[in-house]
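# What the coordinates show
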Amino acid sequence: MNAPPLRAFLTARYGRGFRSRTEIEAWQAAGMARLRKTIMPRSPFYAAHASRPIADWPLMNKARLMEHFTGINTCGIHRDHALEVALRSEESRDFSPMIGGVAVGLSTGTSGQRGLFLTNGRERALWAAVMCGRFWPAPLLSRQRIAFFLRANNALYESLSNALMQFRFYDLLSDFPAHLPELNRQNPTVLIAPAQILGLIAKAQQRGEIGIAPKRIISVAEVLSPEDSTLTETVFGLRPDQAYQCTEGVLGYSCRHGSLHLNERYIRFDRDVIDDETGAFCPVITDFTRESLPILRYRLDDVLIPDPDPCPCGCASQRLTRIEGRADDILWWPGVDGRPRLVPSDAIRQAVATLPVPVRDYRVIQQGERLDIWLDTSVPEIAGPALQHALTRLAAGLGCRAPAMQVHRGLPASPDAKRRRVIVKRA
Ligand SMILES: [Zn+2]
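Residues numbered from 1 in each chain as written. Predicted model: local features only at pLDDT ≥ 70, side-chain atom pairs only at ≥ 80, totals over all residues. Heavy atoms only, no water.

## Quick look at the pattern of salt bridges
- The tally for this structure, following the rule as stated, stands at 21 salt bridges.
- Between Arg-319 and Asp-307 there is a salt bridge; the shortest N-O distance is 3.7 Å. Here Asp-307 lies in strand S14 (residues 302-307) and Arg-319 lies in strand S15 (residues 319-326), a separation of 12 residues in the sequence. Like Asp-307, Arg-319 is buried.
- Its salt-bridge partner being Arg-363, residue Asp-361 comes within 3.1 Å of it at the nearest N-O pair.
- On the basis of relative accessibility, which here comes to 6%, the residue Arg-363 falls in the buried class.
- One network of salt bridges, with partners in common, ties together Asp-228, Asp-361, Arg-363 and Arg-421. (Salt bridge = Lys/Arg side-chain N within 4 Å of Asp/Glu carboxyl O. Helix = DSSP H or I, 4+ residues; strand = E, 2+ residues; numbered from the N terminus. Buried < 20%, exposed > 50% of the residue type's maximum accessible area, 1.4 Å probe, protein only.)

## So, the coordination of the zinc ion
- The protein atoms that coordinate the zinc ion are Cys-255 (SG), His-261 (NE2), Cys-311 (SG) and Cys-313 (SG), at distances of 2.1 to 2.3 Å.
- Positions of the donor residues of the zinc ion, expressed as sequence spacing, correspond to C-x5-H-x49-C-x1-C. (Donors = N, O, S within 2.8 Å, 3.2 Å for Na, K, Ca; no water.)

## Focus on the sheet that holds strand S18 (residues 361-367)
- Spatially, four strands are ordered S20-S19-S18-S21 in an open sheet, and the strand pairing comes out mixed. At either end of the open sheet lies a strand with only one pairing partner, and these are strand S20 (404-409) and strand S21 (422-425). Neighbouring strand axes in the sheet, compared pairwise and without regard to direction, differ in orientation by 20° on average.
- One ladder, built from seven bridges, connects S18 with strand S19 (residues 370-376); its direction is antiparallel. What sits directly across from Val-364, in S19, is Ile-373. (Pairing = 2+ DSSP bridges. Axes fitted to C-alpha atoms, helices over the stretch in contact; angles between N-to-C directions.)

## Some words on the environment of Leu-262
- Its place among the elements puts Leu-262 in strand S10 (residues 260-262).
- Sequence-distant contacts of Leu-262, defined by excluding residues within four places in its chain, comprise Leu-251, Gly-252, Phe-269, Phe-281, Leu-304, Ser-317, Gln-318 and Leu-320. (Contact = heavy atoms within 4.5 Å.)

## Some points on unusual backbone geometry
- At Asn-187, a residue that is not glycine, the phi angle is positive and equals roughly 45°.
- Of note in the backbone geometry, Arg-297 takes a positive phi value of approximately 50° without being a glycine.

## Observations concerning the confidence of the model for the protein
- Looking at the protein as a whole, the pLDDT averages 85, with 90% of positions reaching at least 70.
- Mean pLDDT across the elements of the protein ranges from a minimum in helix H7 (residues 155-158), with 55, to a maximum in helix H4 (residues 69-72), with 97. (pLDDT = per-residue confidence, 0-100.)

## Overview of helix H10 (residues 226-236)
- Taken residue by residue, H10 has Asp-228, Ser-229, Leu-231, Thr-232 and Phe-236 as its buried positions. End-on, the buried residues of H10 take up no more than an arc of 165°, which puts them together on one face.
- Immediately beyond the C-terminal end of H10, within one or two residues, lies Gly-237, with a positive phi of roughly 70°. (Arc of directions from axis to C-beta.)

## Quick look at the pairing of strand S9 (residues 249-254)
- Counting buried residues in S9 gives six out of six residues, a clear majority hidden from the surface.
- Pairing analysis gives four bridges linking strand S8 (residues 241-246) to S9, with the strands arranged antiparallel. Counted as the bridge partner of Ala-243 is Tyr-253 from S9.
- The sheet contact formed by S9 and S10 spans three bridges and is antiparallel. What sits directly across from Gly-252, in S10, is Leu-262.

## Thoughts on the nonpolar core
- Judged by nonpolar contacts, the single largest core of 66 residues is most densely connected at Leu-35, Leu-65, Phe-69, Val-104, Leu-116 and Ile-285.
- Looking at this core, the element that brings in the most residues is helix H6 (residues 121-135), giving eight residues.
- Sequence-distant contacts of Leu-116, that is, excluding residues within four places in its chain, are made with Met-66, Phe-69, Arg-79, Ala-82, Leu-83, Ala-86, Val-104, Gly-105, Leu-106 and Leu-293.
- Counting residues in each nonpolar core, the second largest holds 24 residues, with Ala-351, Tyr-362, Leu-375 and Ala-383 among its members. (Core = buried A, V, L, I, M, F, W, Y, C linked by side-chain atoms within 4.5 Å.)

Laid out in structure tokens, this is it:
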């Protein structure tokens, strides 16, 4: 491997990134060659594919990776054994168990499908190096207090603890308000949390329940909506950085300019384009750095909207306009010409944000031909019709028809609605 942690740290911190697409392609060609030579032969499942073109490799997703887990991993770990270790550690909230030097993690995505992942010491060090390199506040050698809100801890994150940092893990499976006194005592310099949790923390600070002063705020694990970003910025005076990451890897992070770039240094992104007009695609990733559980030609459910313009930061890695969310949650409205149109959730947000009256929060749920709109506002009689009007206009602008709309007061109680603002319900 050519990405030792120190170099990864320096590149993430001081590197100017790739200057051109040509440079990225050359780098990735070397990454692919290394993958074929040193990693694939060690995986019983992939060994025979090492000499075949990537287009012939099996297309992976979470379910298929689980199905072939025993053959795919290069550590000889049986799926049942890994699952047992992971479940035991989830249940006891004790995340030290490992198999040999390999940490086992469990992920449950928004789809509810369970996924196992493995990380060896080298992969954990590399992850920490990239994250610290990019996000460590200056000056470099000042001690930091890091607060990390996560659904499940695992040895990957524990590896961050050392003499330079006090690391505190907050388990999202415990009651959220119960964490606030401890968070206040810790007064973290770096706050890392999923986007909507950042929103909750900002609200707690706004209400005076806590008084923390982080120097760096990093949104991880889910899409940072403009609402949560703005709220966090208003309350703490800091724009949150974004790490677009999931158990499959660190897929991207925001640059100094605030744009999100794909992490093309470590991952090759092929595109499953779902909308020609915007270029929206589901990424199919091949990770050059993962060796214990190779992630090869793995299709994610997220929909990414590429930004064709170069970033002022000078890095040529693909810039994203935004992450649209899960493919299942994309709104498609019928076009007047018969071709369905992708309706960006950002356009819906914009419509809500520009209403003539204040709206605290909202949900838009599409079910078949019907759109249920939930508005948390004290003036629903004004906000409701105004939003219907705005969405009708939005549809006309996109060359499509808005579905029949029904406006409700307040927010729905479904667990889905806690996580996402735009939801598509399938029959
Ligand atoms: Zn940039």
